[in-house]
Amino acid sequence: MPPVDPSTLSGIPAPLWFIQAFRIIGFVLHSIPMHLWLAGLPIVLLLYMIGGRNGSICAKRLFKQFPIIMALGINLGVVPLLFIQSVWYKAFYPSTILLAVHWLSILFLLIIAYYGLYYCSFQSENPKKRWTILAGLGTSLCLLAIALIFSSVYTFMALPSAWGTVYEKTSLSGAVSGMGTYWRDPILYVRLGGIIGLGFITFAFWVAFDALVLNQTEEEEEPAEVEQSEKKGSGSSASSAPLASKMSKKEKKKLRKMQDLTEEEELAELEAMEREENEAAAKTSKKSAPKKRRGYQAWAFTLASCLGWIGVLIASAALWYQYYQFLPMDDPGLAFLNQSPWKYLPMAVLGSLALPILVLTLGSWRMLSKKIFAAGIILSEFTILGLFASTRQIIQNGQLSGYLDINTFGIAVEWSPLIVFLVVFAVAICLIWKMIRQMANA
Ligand code: HEM
């Protein structure tokens with residue numbers, strides 16, 4: 001594609017650093033809820049199906065939170081979209097128009113996914129799990145398809161050299177049909193692999209944060225099983241009838257003997273039997289009842305550190321491949337990535353992946369106070385995603401520079417929309433905080 005002549009373009013409405021910073025902030029804020037539904041939902045379904053008592057507590061909490069998380073994620077996705085359209089429109093529109101059918105199918109897939117999440121949220125307490133599981137699976141597949149389309153579109157957007165081929169293949173007598181696809185480039189799957197790995201990390205942080213901060217419910221004592229056995233042992237004489245049915249041979253023999261006893265003696269005999277029964281029940285319940293069941297919080301922290309490890313392994317492998325194996329380093333626009341200080345940025349992303357291991361492991365070992373643990377989770381998450389989103393942005397600028405060099409764009413600051421945007425953004429952040437508190441009470 002011939003390069004765009006910046007003099008033919010109208011000036012951008014705010015300083016470039018400001019627009020890039022808010023695109024990156026917007027993408028980071030969009031990524032957190034997006035990670036939760038992309039990587040988190042399949043894990044929640046697994047916990048719902050086979051997670052045991054704590055797993056189902058976790059699954060039901062997340063199912064109830066997902067509609068709010070989806071609302072947040074969609075609204076936060078609009079932020080970077082606005083900034084992409086204000087500066088990168090010469091790349092964004094041609095690429096999305098060539099892939100229009102796929103791009104617009106996101107809307108239909110999203111509507112199905114949204115209803116699916118609501119269904120799971122409403123039905124999460126229903127003991128009949130089949131339809132909830134099916135709805136959850138369908139929703140997860142829709143969200144995975146949307147994520148694939150997003151990765152395909154943003155990989156294609158940064159490769160103007162590939163647009164011509166798709167145009168030739170799909171244009172109808174010169175008109176763009178929008179039927180183009182871009183699935184053959186392996187980098188888009190590695191890219192999505194990196195995002196799914198980061199998704200596991202975000203979900204791990206969220207499970208820990210939810211158990212630490214949002215979950216207000218008291219830790220339950222040992223569940224009813226033991227009580228049951230106790231109840232069984234301590235039946236009053238009125239309830240001896242059922243006791244008789246469960247009597248061992250030895251006891252039945254004793255009972256026959258009792259028929260000859262006076263009432264007092266019989267009572268004393270019964271009490272002795274009950275005492276024996278209780279001791280036996282207590283012994284068995286202690287033996288049979290699983291070790292004192294761990295509280296939900298301890299379980300959630302352990303789950304979080306396991307998921308954190310899985311996420312770090314997936315993300316570090318995928319991002320390493322993306323940065324050092326698949327990126328076309330012969331592209332002159334990316335040559336700067338071999339020079340300092342830029343060459344340290346991908347390394348910093350990979351290095352920051354140590355944070356979840358550190359924070360989640362120390363947290364699950366109860367070596368951090370509640371405040372430090374919560375702060376560690378928030379700081380690590382924003383550090384990892386901030387570095388990832390900045391590297392992603394700089395790489396995209398580099399790939400586009402041969403066609404669209406944004407550093408040469410003129411600036412024509414429009415203060416009124418800029419001030420309105422900043423005010424609305426500040427209000428939105430307050431609203432988001434309110435929604436998260438809402439979740440705490442959900
Ligand atoms: C209407 C709702 C949504 C909007 C407005 C939206 C907007 C965006 C925008 C603007 C970006 C690129 C940000 C940038 O490059 O700076 C993005 C990236 C992404 N979005 Fe969304 N999004 C939405 C819903 C979703 C959904 C439902 C998913 C499903 C999982 C999703 C997955 C992704 C992924 C995976 C990326 C990164 C693609 C890549 O770079 O490889 N988004 N989204």
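To be clear, the structure that these remarks concern was listed above.
Since this is a predicted model, take the numbers as computed values, not measurements.

The rules behind the values
Residues numbered from 1 in each chain as written. Predicted model: local features only at pLDDT ≥ 70, side-chain atom pairs only at ≥ 80, totals over all residues. Heavy atoms only, no water. Near = heavy atom within 4 Å. Polar contact = N/O pair within 3.5 Å; in protein donor to acceptor, adjacent residues only side chain to side chain. 1 Å grid on protein atoms, 1.4 Å probe; cavity = no way out; pocket = protein on both sides within 12 Å on 5 of 7 lines; lining within 4 Å. Sits in = over half its atoms within 2 Å of the grid points. Phe/Tyr/Trp six-rings, centres within 6.5 Å; stacked < 30°, edge-to-face > 60°. Lys NZ or Arg CZ within 6 Å of the ring centre and 35° of its normal. Points joined across faces, edges and corners; volume = space filled by probe spheres on them. Helix = DSSP H or I, 4+ residues; strand = E, 2+ residues; numbered from the N terminus. Nonpolar A, V, L, I, M, F, W, Y, C, P; charged D, E, K, R; others polar. Core = buried A, V, L, I, M, F, W, Y, C linked by side-chain atoms within 4.5 Å. Buried < 20%, exposed > 50% of the residue type's maximum accessible area, 1.4 Å probe, protein only. Contact = heavy atoms within 4.5 Å.

> Go over the site of the ligand with me, naming the residues and quoting the values.
Taken together, 22 residues sit near the ligand, with R23, H30, S151, R191 and R392 positioned nearest. One nitrogen or oxygen atom from the side chain of R23 is found 2.7 Å from an oxygen atom belonging to the ligand. Between S151 and the ligand, the recorded distance is 2.8 Å, taken from a side-chain N or O atom to an oxygen atom. In this structure the site holding the ligand corresponds to the largest pocket.

> I'd like a description of the packing of aromatic side chains, backed by residues and values.
In total, this model carries 24 aromatic pairs according to the counting rule given. What links up through ring pairs into an aromatic cluster is the set W17, F18, F22, F83, F421 and F425. Lying over the aromatic face of Y154, R392 brings its terminal NZ or CZ to 5.6 Å of the ring centre.

> Before we move on, could you go through the layout of surface pockets and cite the residues and values that matter?
Here the largest pocket defines a volume of roughly 710 Å³. Every residue lining the largest pocket is counted, 28 residues in all, and those nearest its centre are H30, G77, W103, F150 and Y154. When residues of the lining of the largest pocket are traced back to their parent elements, those giving at least two are α1 (16-50), α2 (52-87), α4 (100-123), α5 (130-157) and α7 (186-214). No other element matches α2, which puts seven residues into the lining of the largest pocket. Along the lines of polarity and charge, the residues of the lining of the largest pocket split into 21 nonpolar, four polar and three charged.

> Explain the nonpolar core to me, and be specific about the residues and the numbers.
Ranked by internal contacts, the top residues of the largest apolar core, which has 119 residues, are F66 and W88. The element best represented in this core is α1, accounting for 20 residues. Apart from the residues within four sequence positions on either side, W88 is in contact with I19, Q20, R23, F83, M157, Q393, Q396, N397, L400, L404 and I406.

Nothing here speaks to function; it is geometry throughout.
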